[in-house]
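Here are the chains, one letter per residue:
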Amino acid sequence: MSTENNRQIKLGAFFMIPGHHVAAWRHPEAEAHSVLDFKFYKKLAQTAERGKFDMVFLADGYAVSKRFPAALEQTVSVRPEPLTLLSALSAVTEHIGLAATVSTTYNEPFHVARKFASLDHLSGGRAAWNVVTSSHDEEALNFNQQVHLLHEKRYDRAEEFLNVVTGLWDSWEDDAFLFDKEAAKFADGSKAHTLNHEGKWFNVRGPLNVARPVQGHPVIVQAGASEPGKELAARTAEVIFTAWQTLEEAQAFYADVKGRLAKYGRSPDSLKIMPGVFPIIGRTVEEAEAKKRQLEELIPVEAGVSLLSALISFDLSGYDVDGPLPELPQLAQVNGGKSRFTLLKDLAEREGLTIRKLYQRIAGARGHREILGTPAQIADQLEEWFVSGAADGFNIMPPYLPGGLDDFVEFVVPELQRRGLFRTEYEGTTLRDRLGLSRPIHPASLQPANIAALS
């Protein structure tokens, strides 16, 4: 089939090595020893590119939690720094986008602007920045802080941080560099601009010592579903990775955020909403269900409890795993991820899940949607959300690697292509081209009198 206006699904390949399930590393086919092996990431990125994915996506964090010593031994707690890895992957791929998570809580805008501008140039216009605010107390202790910033302050800082970064990306006009050997003129100084930002959180002069990125700005990705997160996304994001369990929840979020765009002068097409999806694929439903049971049986209790505790920002280690969730704090008291706290609390209450059943339920998708079945059934579920106003695409979260990604590329992608829902060849040359996003116009061409040129 073909959708209205020939809309097609956008796909991200979410790499958590060696898989998204908390026990993925114990799966007999998972390459657990390859967590820091570049050759493994190269193989995965090239598989995703063969499947015509829009981008690969790397999450990140800045701490190893030691609150649960047993779980520390039972789960994967190391990973490569994403920008370093994506820079290397840019040299062994040609088309696929490269999205890295970088926190605004424990970084400086100049560094982030410079790194993503460099990645965009090195990759020929394929960089994307997943803008997050850190959510765990342990991270503060690694950055000369004793106390983690409050939720609302993290978003206030994030908004100013993002403004500074995008301003730095516009330090140079697109045609500023002349490379004129005869005239001894490498650049046109009138097309270099200082930022001179003085704000609540940052004072940054500029200009950036990297030319304007190939895409103008690398694609801005966000994941927040709290009220401040949705408002920031409506103003600044171009892709949202989000987590929903039901079609109705996803439709409500989709309509809410898209409905906020007009007040910022944006069209609905300027923002792509891509919920996370954890697919368990089998040649039959019975085979898919057997794969799910196998993964559940590999979860150590301590690892399951610690994962759930981290996701809801509440220590469950002292409670009976075969009992219900204890009385949890009010949402206003939560200083971690508020949207994930609400999602998991609602899921447990709606389905009457014990702590064990809840961590088994989320040990793979981690709060995102789990879909199970044959390739056609997986495609059915993706198509339903896509055509029902719940998603523009999906961030695919393979249960274990490489097998989970191989199955999706080999079996589900051809089914989506057969239905006219997904590309058969890449369009354009940049990630923006493939996502259907316009290239930002340099401010100097809009309001030149307000831009201070360097003397």
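Structure first, text after, so check above.
Notes on the structure follow. Predicted model only: the values in this text are computed from it and were never measured.

Right, let's talk about the overall build of the protein chain for a bit. Check the secondary structure of the protein chain and you find 15 helices and 13 strands. On C-alpha atoms alone, the protein chain measures out to a radius of gyration of 22 Å, which is about the 23 Å that the 2.2 N^0.38 rule sets for 455 residues. Structurally, the protein chain occupies a C-alpha span of about 75 × 55 × 45 Å along its principal axes. Within the protein chain, buried positions represent 55% of all 455 residues. At a minimum sequence separation of 6, the contacts of the protein chain that also span at least 24 residues come to 77%. Split by element, the accessible area of the protein chain, about 19600 Å² in all, is 51% carbon and sulfur. Distance between charge centres in the protein chain, computed from 49 positive and 59 negative side chains, equals 2 Å.

Bringing empty space enclosed by the protein into the picture now. Per the counting criterion, the structure on display carries 3 cavities of 30 Å³ or more. Its volume calculated, the second largest cavity comes out at about 90 Å³. Lining the second largest cavity are His27, Pro279, Ile280, Ile281, Lys291, Gln294, Leu295, Pro399, Tyr400, Gly404 and Asp407. For the lining of the second largest cavity, the secondary structure elements donating two or more residues are strand E11 (272–281), helix H9 (285–297) and helix H14 (403–418). Here the lining of the second largest cavity is composed, by residue class, of 6 nonpolar, 3 polar and 2 charged.

The tally for this structure, following the rule as stated, stands at 29 salt bridges. For the salt bridge of Asp175 with Lys191, the shortest nitrogen-to-oxygen distance reads 2.7 Å. One end of the pair, Asp175, is in the loop between helix H6 (151–169) and strand E5 (177–180); the other, Lys191, is in the loop between strand E6 (185–187) and strand E7 (197–198), and 16 residues separate them in sequence. Classification of Asp175 by relative accessible area gives partly exposed; the value is 42%. Among the ionic pairs, Glu415 bridges to Arg418, the shortest N-O distance being 2.6 Å. Here Glu415 and its partner Arg418 are both found in helix H14, 3 residues apart, which amounts to about one turn of the helix. Note on Arg418: relative accessible area 60%, which makes it exposed. One network of salt bridges, in which partners are shared, links Glu227, Lys230, Glu231, Asp256, Arg260 and Lys263.

This part is about the pairing of strand E1 (residues 10–15). With 6 of 6 residues buried, E1 lies mostly within the body of the structure. Side chains Lys10, Gly12 and Phe14 project from E1 onto one buried face, and the interleaved Leu11, Ala13 and Phe15 project onto a second face that is buried too. Taken together, the 4 bridges between E1 and strand E2 (residues 55–58) define a ladder with parallel strand orientation. Paired with Gly12 across the two strands is Met55, which belongs to E2.

The next thing to look at is the packing of helix H13 (residues 375–387) against H14. The contact between H13 and H14 brings their axes to 9 Å, and the two run at 55 degrees. With respect to H14, the element H13 is oriented oblique. In this structure, the crossing between H13 and H14 has a hand that is right-handed. Contacts from Pro375, Ala376, Ile378, Ala379 and Leu382 of H13 reach H14 at Phe408, Phe411, Val412, Glu415 and Leu416. Class assignment of the residues belonging to the contact of H13 with H14 gives a composition of 9 nonpolar, no polar and 1 charged.

Let's shift gears to the environment of His193. Considering the arrangement of structural elements, one finds His193 in the loop between E6 and E7. Classification of His193 by relative accessible area gives buried; the value is 6%. A sequence separation of 22 residues divides His193 from Ser171, and the C-alpha atoms of the two residues are 4.9 Å apart. A polar contact of 2.8 Å, which involves the side chain of His193, links it to the side chain of Glu173.

Soluble globular proteins tend to bury their nonpolar side chains together. Judged by nonpolar contacts, the single largest core of 107 residues is most densely connected at Phe15, Phe53, Trp129, Leu308, Phe394 and Phe408. Ignoring any residue separated from it by four or fewer positions in sequence, one finds Leu308 in contact with Leu316, Leu325, Leu344, Ile355, Leu358, Tyr359 and Ile362. Counting 18 residues, the second-largest nonpolar core is a separate cluster that includes Phe241, Met274, Phe278 and Ala365.

Time to look at unusual backbone geometry. Look at the link from Gly206 to Pro207: it is a cis peptide, with omega at 0 degrees. Mapped onto the secondary structure, Pro207 falls in the loop between strand E8 (203–204) and strand E9 (219–222). A cis amide bond links Leu401 with the next residue in sequence, Pro402, at an omega value of 10 degrees. Mapped onto the secondary structure, Pro402 falls in the loop between strand E13 (393–396) and H14. Phi at Lys52 takes a positive value of approximately 65 degrees, unusual for a residue other than glycine. You can see Lys52 is positioned in the loop between helix H1 (38–50) and E2. In this structure Lys52 comes out as buried when scored by relative accessible area, which is 16%.

About the criteria used
In this numbering scheme, every chain counts its residues from 1 along its sequence in written order. Whole-chain, interface and lining totals are the exception, using all residues; otherwise, since this is a predicted model, local features are given only for residues with pLDDT of at least 70 and side-chain atom pairs are given and counted only at 80 or more. Side-chain metrics in this entry use all non-hydrogen atoms of the structure; hydrogen atoms and water are not considered. Only DSSP runs of H or I covering at least 4 residues are called helices, and only runs of E covering at least 2 are called strands; the numbering of each starts at the N terminus. Using C-alpha atoms as the atom set, the radius of gyration is obtained and then compared with a globule rule of 2.2 Å times the number of residues to the power 0.38. The classification of residues rests on relative accessible area computed with a 1.4 Å probe and restricted to protein chains. Under 20% of the type maximum is buried, over 50% is exposed, and intermediate values are partly exposed. Contacts: residue pairs with any heavy atoms within 4.5 Å of one another. Note on areas: Shrake-Rupley, 1.4 Å probe, and residue coverage restricted to the protein chains presented here. The charge count treats Lys and Arg as positive and Asp and Glu as negative. His and the chain ends do not count. For charged residues, the charge sits on one atom: NZ in Lys, CZ in Arg, CG in Asp, CD in Glu. A 1.4 Å probe that fits but cannot get out identifies a cavity on a 1 Å grid over protein atoms alone, an open set with protein on both sides within 12 Å along at least five of seven lines counts as a pocket, and a residue lines either if it has an atom within 4 Å of a point. Grid points are joined across faces, edges and corners, and a volume is the space filled by probe spheres set on the points. Classes in brief: Ala, Val, Leu, Ile, Met, Phe, Trp, Tyr, Cys and Pro nonpolar; Asp, Glu, Lys and Arg charged; the others, Gly included, polar. Whenever Lys or Arg places a side-chain nitrogen within 4 Å of a carboxyl oxygen from Asp or Glu, that contact is recorded as a salt bridge. Here, any two strands with at least 2 DSSP bridges between them count as paired. Where helices are involved, their axes are fitted lines through C-alpha atoms of the stretch in contact, as for all axes, and angles between N-to-C directions lie from 0 to 180°. What sets the label is the angle itself: under 35 degrees gives roughly parallel, over 145 gives roughly antiparallel, 65 to 115 gives roughly perpendicular, and the rest give oblique. Each crossing gets its handedness from the near helix: less than a right angle anticlockwise from the far helix is left-handed, clockwise is right-handed. Here a polar contact is recorded for every N or O atom pair within 3.5 Å, except that within protein the pair must consist of a potential hydrogen donor and a potential acceptor, and residues adjacent in sequence are included only if both atoms are side-chain atoms. To qualify as a nonpolar core, a set must consist of buried Ala, Val, Leu, Ile, Met, Phe, Trp, Tyr and Cys residues joined through side-chain atoms within 4.5 Å.

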